[in-house]
Amino acid sequence: MAPVAAKTIHAWNDRIRDGKAGKTPKGLIAVSFDQRNHGSRRVDKLANEAWRQGNTRHAQDMFSCYHGTAVDTSHLLTYLPSYIFHPPSPHRLTQHLVLGVSLGGHAAWHCILHDARITAAVAVIGCPDYTRLMTDRAAKSKLKTWTSTSPPGSSFLGSQDFPQSLIDAIARYDPAGLLLPDLEDGSSPSPVALQKFKQLLQQHLGSKRILNLSGGADKLVPYAAGDPFLQVLQKTLHEDPELDIGFEDVVFDGVGHAFTPVMSDRAVGWIGDVLAKTGEGNKDSKI
């Protein structure tokens, strides 16, 4: 992530130089760090593997890993200022954005959903519906807990491969699990569920901005896994602009599970646009 962070900094500084950073240009600090159990933080190699690679706890390992990374992000936001502005400085941090790729893309959804300080997020090749993503993966992996029932998969949720305690955690932290549970493919939420959905959207995402970038040929995190949730989200935001939630959903045809240069350019440009627009005419807006 360090190269992406550096690219974002350079692009923003170029905007300031060219007078395209808004009326009150802000300074930008980019922080990149390892996902839990990755890179310098790795403690268990098997925990990063899938069912097919012999990790019987794949579902809970993956969710707890990136949910923990989202928690780490909030922890950093709380304490970084005391390290950045030391000795004390008149500068302050007043706006926070996140960008994550793959597991980081999943984590970016959690960050924007659960931390009120984070107002914009770029989720790259991530998924906002963990249950649908993993049931698809379980079917393709031909797990015994999937294939041994009739119809296949009817008892997968709540099985040893997808425990009830994990389902409970998903209902608290996963975007689809929290905001729009029990959504069926191709179905429309009931009026009661839709009203609850709008209330939760306002509570968790009101006035925030999200850019979702996906690969159309991604087999590891297929766009189809998040599509039912994203369709309802986009339709709701279109019909109720008072929610004031900015959402862009871009699928790159022919791209697999990758963060291509074109996708990177789109992400960096979007971040610059958000920063330039934020605080126009507001002298107190800084980052």
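Residues numbered from 1 in each chain as written. Predicted model: local features only at pLDDT ≥ 70, side-chain atom pairs only at ≥ 80, totals over all residues. Heavy atoms only, no water.

You'll find the protein chain entered in an unreviewed UniProt entry as Alpha/beta-hydrolase, with Lophium mytilinum given as the organism.

**Student:** Can you walk me through the side chain of threonine 236 in this structure?
**Tutor:** By the secondary structure assignment, threonine 236 is in helix H9 (residues 223-239). For threonine 236, a relative accessible area of 5% translates into the label buried. Discounting residues that sit within four places of it in the chain, threonine 236 has contacts with Leu194, Phe197, Lys198, Leu201 and Leu243. (Helix = DSSP H or I, 4+ residues; strand = E, 2+ residues; numbered from the N terminus. Buried < 20%, exposed > 50% of the residue type's maximum accessible area, 1.4 Å probe, protein only. Contact = heavy atoms within 4.5 Å.)

**Student:** For this particular structure, what's the right way to read the packing of helix H8 (residues 191-205) against H9?
**Tutor:** When two helices pack together, you describe them by how their axes are tilted relative to each other and by the distance separating the axes. Interhelical geometry of H8 versus H9 gives an angle of 80° and a closest axis separation of 11 Å. Judged by the angle between their axes, H8 and H9 are roughly perpendicular. Note on element contacts: H9 touches H8 through Phe229, Val232, Leu233, Thr236 and Leu237, opposite Leu194, Phe197, Lys198 and Leu201. When the residues that make up the contact of H8 with H9 are grouped by side-chain class, the tally is seven nonpolar, one polar and one charged. (Axes fitted to C-alpha atoms, helices over the stretch in contact; angles between N-to-C directions. Parallel < 35°, antiparallel > 145°, perpendicular 65-115°, else oblique. Nonpolar A, V, L, I, M, F, W, Y, C, P; charged D, E, K, R; others polar.)

**Student:** So what exactly am I meant to see when it comes to the nonpolar core here?
**Tutor:** Generally speaking, soluble globular proteins have nonpolar side chains that are buried together. Formed by 29 residues in total, the largest nonpolar core has its most connected members in Leu179, Phe197, Leu201, Phe229 and Leu233. Beyond its immediate chain neighbours, meaning those up to four positions away, leucine 233 contacts Trp109, Phe197, Leu201 and Phe247. If you look at the next biggest cluster of nonpolar residues, it comprises 21 residues, including Met62, Phe156, Leu166 and Ile170. (Core = buried A, V, L, I, M, F, W, Y, C linked by side-chain atoms within 4.5 Å.)

**Student:** When you look at the sheet that holds strand E3 (residues 209-215) in this model, what are you seeing that I'm missing?
**Tutor:** To summarise the sheet geometry, strands pair through backbone hydrogen bonds and adopt either a parallel or an antiparallel arrangement. In space, the four strands of this open sheet follow the order E1-E2-E3-E4, with parallel pairing throughout. Of all strands in the sheet, those bounded by a partner on one side alone are strand E1 (96-101) and strand E4 (246-252). Going across the sheet, the axis of each strand differs from the next one's by a mean of 10°, ignoring polarity. Against the sheet, helix H3 (residues 103-114) contacts E1, strand E2 (118-124), E3 and E4, and its axis sits at roughly 155° relative to E2. Taken strand by strand, H9 contacts E3 and E4, and its axis lies near 145° from that of E4. (Pairing = 2+ DSSP bridges.)

**Student:** Explanation requested: the side chain of histidine 67 in the structure shown.
**Tutor:** Along the polypeptide, histidine 67 turns up in helix H2 (residues 58-84). Judged by its relative accessible area of 18%, histidine 67 is buried. Ignoring anything within four residues of it in the chain, the contact list for histidine 67 reads His110 and Tyr173.

**Student:** Sorry if this is basic, but what is going on with empty space enclosed by the protein here?
**Tutor:** To locate leftover empty space, one rolls a probe as large as a water molecule over the atoms. Within the structure shown, the criterion is met by two cavities of 30 Å³ or more. Surrounding the largest cavity, 13 residues form its lining, Gly126, Ser214, Val221, Pro222 and Tyr223 being those nearest its centre. Of all elements in the fold, only E3 and H9 reach the threshold of two or more residues within the lining of the largest cavity. In terms of residue class, the lining of the largest cavity is made up of seven nonpolar, five polar and one charged. Every residue lining the second largest cavity is listed: Thr8, Ala11, Trp12, Arg15, Leu28, Val268, Ile271, Gly272 and Leu275. A breakdown of the residues in the lining of the second largest cavity according to their chemical character gives six nonpolar, two polar and one charged. (1 Å grid on protein atoms, 1.4 Å probe; cavity = no way out; pocket = protein on both sides within 12 Å on 5 of 7 lines; lining within 4 Å. Points joined across faces, edges and corners; volume = space filled by probe spheres on them.)

**Student:** Looking at this structure, I do not really get the pattern of salt bridges. What am I missing?
**Tutor:** Where charged atoms from two side chains of opposite charge come close, those side chains can pair. Inspection of the entire model under this criterion finds 13 salt bridges. Of the charged contacts, one joins aspartate 115 and arginine 117 as a salt bridge, the two residues approaching to 2.9 Å between their closest N and O atoms. For aspartate 115, a relative accessible area of 7% puts it in the buried group. In this structure arginine 117 comes out as partly exposed when scored by relative accessible area, which is 34%. One salt bridge in this structure joins aspartate 240 and lysine 198, with 4.0 Å as the shortest N-O distance. Of this pair, aspartate 240 sits in the loop between H9 and E4 while lysine 198 sits in helix H8; the two residues are 42 residues apart in sequence, bridging distant segments of the chain. Among the charged side chains, a salt-bridge network with shared partners connects Asp14, Arg17 and Asp18. (Salt bridge = Lys/Arg side-chain N within 4 Å of Asp/Glu carboxyl O.)

**Student:** Would you explain the confidence of the model for the protein chain in this entry?
**Tutor:** One rule of thumb: low pLDDT means the predicted coordinates there are not for detailed reading. Per-residue confidence for the protein chain gives a mean pLDDT of 93, with 97% of residues at or over 70. Segment residues 281-287 is flagged for pLDDT under 50; beyond a separation of four residues in sequence, or across chains, it makes 23 contacts in the model. (pLDDT = per-residue confidence, 0-100.)

**Student:** Where do I start with H3 in this structure?
**Tutor:** Its 12 residues give H3 an end-to-end C-alpha distance of 17 Å, which sits within 8% of 16 Å, the value for a rise of 1.5 Å per residue. Within H3, 11 of the 12 residues are buried, which leaves it mostly tucked inside the rest of the structure. (Expected span 1.5 Å × (residues − 1).)

**Student:** Please clarify how the pairing of E1 should be interpreted in this entry.
**Tutor:** As judged from the six bridges shared by E1 and E2, these two strands associate in the parallel manner. Bridge pairing in E2 places leucine 97 opposite alanine 120.

**Student:** It is not clear to me how a nonpolar patch on the surface should be interpreted in this structure. Could you clarify?
**Tutor:** On the surface, Ile29, Val31, Phe33 and Ile84 cluster together into a nonpolar patch covering about 300 Å² of accessible area. For valine 31, the location among the structural elements is in the loop between helix H1 (2-17) and H2. (Patch = residues over 30% accessible without salt bridge, like charges linked within 9 Å, V, L, I, M, F, W, Y side chains within 5 Å. Areas by Shrake-Rupley, 256 points an atom, 1.4 Å probe, with all protein chains shown as cover.)

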